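Residues per chain are reported as follows:
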Amino acid sequence: MIAEAQRRARADALDPAGVLPVVRAQLASLAGAAGTRPVLNATGVVVHTNLGRSPLSEAARAALVDAAGYTDVELDLSTGRRGRRGASLTDALLAAVPEAGGALVVNNGAAALLLATAALAAGREIVVSRGELVEIGDGFRLPALIESGGARLREVGTTNRTHLADYVDALDTDVNEVDSSGVGALLKVHPSNFRVDGFTAEAGVPELGRLARERRVPLVVDLGSGLLGPDAALPQEPDVRTALHEGAQIVTASADKLLGGPQAGLVLGDEELVERLRRHPMARALRVDKLTLAALEATVRDPAQAPVTQARQARPEELRRRCEGLAARLGSTVGEVEVVPSEGRVGGGGAPGVVLDGYAVALPEALAEPLRTGTPAVLGRVHGGRLLLDLRCVPAAEEAALELAVRRAASAVQPTDHR
Ligand SMILES: *Cc1c(COP(=O)(O)O)cnc(C)c1O
């Protein structure tokens, strides 16, 4: 496959920059056929949970490699003394989210929520709307997670409608109890993977924030998706800065969804509360390794370079042009080829209902299996008897590898009709 890529590059049929990804993929397959394998994501789903959510930016990959050796993760090189672990990542997060007084990074979004609820409300109550007790995926349920950390759930409202008065009631009943310390926190969860339409009502962050301040209980907001600031392309998607500005005291989010970093969980908010979380014994068990710290810092310092951001923002005309180029290069050598409109998705349980308009190269369905099991593996979408390869999440530099993979799959399917 490498020789073929070289041959095509010499014959000007392939951008020479396209040879490197082919070499990489081939090396990866030689290195460990049984391990996880690189996949070209031609599904059009940007944050693809089954494909490791977010691919890392070049800067994040480089930072990860640099951190693989000895690194100053807990040392201040200017004084030679012990430093706070991951201090430069904390600085980067606080610079990106000026509304936050403190920041903490843990293993994933679930860990962030577990730590927040355990540290603030173990043995006490967490007041949460019945409409926000969500299951995220693979049977993972937020209520079970929260209870496993020792907090008790105090469900208020109904599935479709919850009002501020429901939270007030919960707090009032609490005050009538013996020591009035029954409620550890108010919790608002962004139901990231579904939408409730019709006769609905919810209490927003501003009103809950006011209530929380009045009653001196913290308001924790679990955002999930991890947008640090507002994004005009996703007007319905809540973000960390706005939630804090509106009155959340602690916000938790994933780092590998819309932020586009490595798997991690973010805790941002009130400095003292974040400090309480940091000092909780559980924090040590949930902490991230130096590779994650390095890759996440590079991502936070330059979020525009995150591949998920670029894929999300890819313009339809550009995707069409790329698909037409690929279709023309493939010609009829691989069977019937056509460029068709394709609806991409944000994915990862984020921005449900948002359609990303794009294009795909439609190929015979018979290519789906050889492509999926080839090297690199190529995952498309089978629809209406055809295999659709949506180029939204395939970086331009990997297009050549994709093209070669399609040719190989086609010759495997029709051995007489290759190239
Ligand atoms: C994704 C998500 C989580 C869990 O985050 P992980 O990083 O997958 O652990 C928690 N809450 C919400 C609202 C989410 O969308």
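In the block above lies the structure referred to throughout.
Reference entry: report on the structure contained in this document.

Parameters and conventions
- Chains are numbered independently. Their residues run from 1 in the order of the written sequence.
- Given that the model is predicted, a residue must reach a pLDDT of at least 70 before its local features are reported, and side-chain atom pairs must reach 80 or more before they are shown or counted; all residues, however, enter totals for whole chains, interfaces and linings.
- The basis for the side-chain values is all heavy atoms of the structure; hydrogens and waters are excluded.
- Under the scheme used here, helices are H or I runs from DSSP no shorter than 4 residues and strands are E runs no shorter than 2 residues, and both carry numbers assigned from the N terminus.
- One less than the number of residues in a helix, times 1.5 Å, gives the span that helix is expected to have.
- When accessible area is computed with a 1.4 Å probe and restricted to protein chains, residues below 20% of their type maximum are described as buried, those above 50% as exposed, and intermediate ones as partly exposed.
- Working rule for contacts: check all heavy atoms of both residues, and any pair within 4.5 Å makes them a contact.
- Working definition: a ring pair exists when centres of Phe, Tyr or Trp rings (six-membered ring for Trp) sit within 6.5 Å. Plane angles under 30 degrees give stacked, over 60 give edge-to-face, the rest tilted.
- The criterion is that NZ of a Lys, or CZ of an Arg, lies within 6 Å of the ring centre and within 35 degrees of the ring normal, and then a charge sits over that ring.
- Among buried residues, the Ala, Val, Leu, Ile, Met, Phe, Trp, Tyr and Cys ones that are joined through side-chain atoms within 4.5 Å form a nonpolar core.
- By salt bridge we mean one thing: a side-chain nitrogen of Lys or Arg within 4 Å of a carboxyl oxygen of Asp or Glu.
- Should DSSP find at least two bridges between two strands, the strands are taken to pair.
- Throughout, an axis means a line fitted to C-alpha atoms (over the contacting stretch in the case of helices), and angles, computed between N-to-C directions, take values from 0 to 180 degrees.

1. Structural notes on helix α12 (residues 290–301)
So, point 1. Across its twelve residues, α12 extends 17 Å between first and last C-alpha, which sits within 8% of the 16 Å expected from 1.5 Å per residue.
So, point 2. Where burial is concerned, most of α12 is hidden: nine out of the twelve residues are buried.
So, point 3. Along α12, the residues that are buried comprise T292, L293, A294, A295, L296, E297, A298, T299 and V300.
So, point 4. Residues of α12 that are buried sit in contact with α3 (58–67), α4 (87–96), β5 (102–106) and β13 (265–269).

2. Here's the deal with the packing of aromatic side chains
So, point 1. Applying the stated rule across the entire model yields zero aromatic pairs.
So, point 2. Across the ring face of F199, the terminal group of R161 is positioned such that the distance to the ring centre comes to 3.8 Å.

3. With respect to the nonpolar core
So, point 1. With 38 residues, the main nonpolar core has L186, L266, L268 and L296 as its most contacted residues.
So, point 2. At four residues, helix α8 (residues 205–215) tops the list of elements feeding residues into this core.
So, point 3. Residues contacting L268, with those up to four places away along its chain left out, are L93, V97, A100, G102, A103, V240, L244, Q249, I250, V251 and V274.

4. Section: the pattern of salt bridges
So, point 1. Evaluation of the coordinates by the stated rule reveals 24 salt bridges.
So, point 2. Salt-bridge contacts for E155 lead to R130; the nearest nitrogen and oxygen are separated by 3.2 Å. Highlighted residues: E155 in strand β9 (residues 152–156) and R130 in the loop between β6 (125–129) and β7 (135–137), separated in sequence by 25 residues.
So, point 3. A relative accessible area of 37% places E155 in the partly exposed class.
So, point 4. Between R315 and E317 there is a salt bridge, and its shortest N-O distance comes to 3.1 Å.
So, point 5. The partly exposed category is assigned to E317, whose relative accessible area is 48%.
So, point 6. When salt bridges that share partners are traced, they join R322, R329, E399, E403 and R407 into one network.

5. A short note on the sheet that holds β6
So, point 1. An order of β5-β13-β12-β11-β10-β6-β9 is seen for the seven strands of this open sheet, with the pairing classed as mixed. In the strand order of this sheet, the two ends are held by β5 and β9, each with one partner. Averaged over neighbouring strand pairs, the angle between their axes works out to 25 degrees when direction is ignored.
So, point 2. One ladder, built from five bridges, connects strand β12 (residues 250–254) with β13; its direction is antiparallel.

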